[in-house]
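The chain contents come next:
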Amino acid sequence: MSDVKTQIDETVKANTVVLYMKGTKEMPQCGFSSRVVGVLNYMGVEYTDVNVLADEGVRQGIKDYSDWPTVPQLYVKGEFVGGCDIITEMTLSGELDTLFEENSVEYNKEAADKIREANA
């Protein structure tokens, strides 16, 4: 296993929720990353962010690791969940709530409901 793959594997498995993204949760550097950060922050989810722009090896490595061609990528309890479109769909359908509940991830249910109301 390459150093980058090992690093990614350890990060994904050591943290309950991880977002590989362009930029940071304080300053996203692309619209798709910003959208996922907005959802997670609004819902009050604690997560680890990894800026793929800071390391070209990680930027390509995360795509190889998940066999998913784009960033952002969300992981919950070591499992790849998806990118921006999937996270948006899961938020609106309530599937993200269920995923968090099944994995004992704390989040604000009221905030999640407000996102759905605003997009109904």
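Note: the structure precedes this text.
Model, not experiment: these values are computed from the prediction. (Residues numbered from 1 in each chain as written. Predicted model: local features only at pLDDT ≥ 70, side-chain atom pairs only at ≥ 80, totals over all residues. Heavy atoms only, no water.)

Asker: Just checking my understanding: could you explain the overall build of the protein for this structure?
Answerer: If you tally the helices and strands in the protein, you get six helices and four strands. Rg of the C-alpha trace for the protein: 14 Å, near the compact-globule value of 14 Å for 120 residues, within the 12% margin. Summarising its shape, the C-alpha atoms of the protein cover approximately 45 × 30 × 25 Å along the three principal directions. Taking all contacts inside the protein whose residues are at least 6 apart in sequence as the whole, residues at least 24 apart take part in 59%. Positive and negative side-chain charges in the protein, numbering 11 and 21 respectively, have mean positions lying 3 Å apart. (Helix = DSSP H or I, 4+ residues; strand = E, 2+ residues; numbered from the N terminus. Rg over C-alpha atoms; globule rule 2.2 N^0.38 Å. Contact = heavy atoms within 4.5 Å. Lys, Arg positive; Asp, Glu negative; His and termini not counted. Charge placed at Lys NZ, Arg CZ, Asp CG, Glu CD.)

Asker: Mind showing me how you'd approach helix α3 (residues 56-66) here?
Answerer: The α-helix advances 3.6 residues per turn, and as a result positions three or four apart in sequence lie on the same side. By the burial criterion, the buried members of α3 are Val58, Gly61, Ile62 and Ser66. Looking straight down α3, one finds that the buried residues subtend no more than 110° of arc, so they occupy a single side. Away from the buried face of α3 by more than 90 degrees, exposed residues Glu56 and Asp64 are located. Next to the buried residues of α3 lie α1 (3-14), β1 (17-21), β2 (48-51), β3 (73-76) and β4 (79-82). The backbone nitrogen of Gly57 has a side-chain oxygen 2.8 Å away, supplied by the residue at the start of α3, namely Asp55. Trailing α3 by a residue or two, Asp67 shows a phi angle of about 55°, which is positive. (Buried < 20%, exposed > 50% of the residue type's maximum accessible area, 1.4 Å probe, protein only. Arc of directions from axis to C-beta. Polar contact = N/O pair within 3.5 Å; in protein donor to acceptor, adjacent residues only side chain to side chain.)

Asker: Explain the sheet that holds β1 here, please?
Answerer: Sheet strands line up and pair through hydrogen bonds in the backbone, either parallel or antiparallel. If you walk across this open sheet you meet the four strands as β2-β1-β3-β4, and the pairing is mixed. Here the strands that pair on one side only, and so sit at the sheet edges, are β2 and β4. For this sheet, the mean angle separating the axes of adjacent strands, direction not counted, is 25°. Judged from the four bridges that link them, β1 and β2 form a sheet pairing that is parallel. The partner of Val18 across the bridge, within β2, is Thr48. With respect to the sheet, helix α2 (residues 31-42) is in contact with β1 and β3, its orientation differing from that of β1 by roughly 160°. (Pairing = 2+ DSSP bridges. Axes fitted to C-alpha atoms, helices over the stretch in contact; angles between N-to-C directions.)

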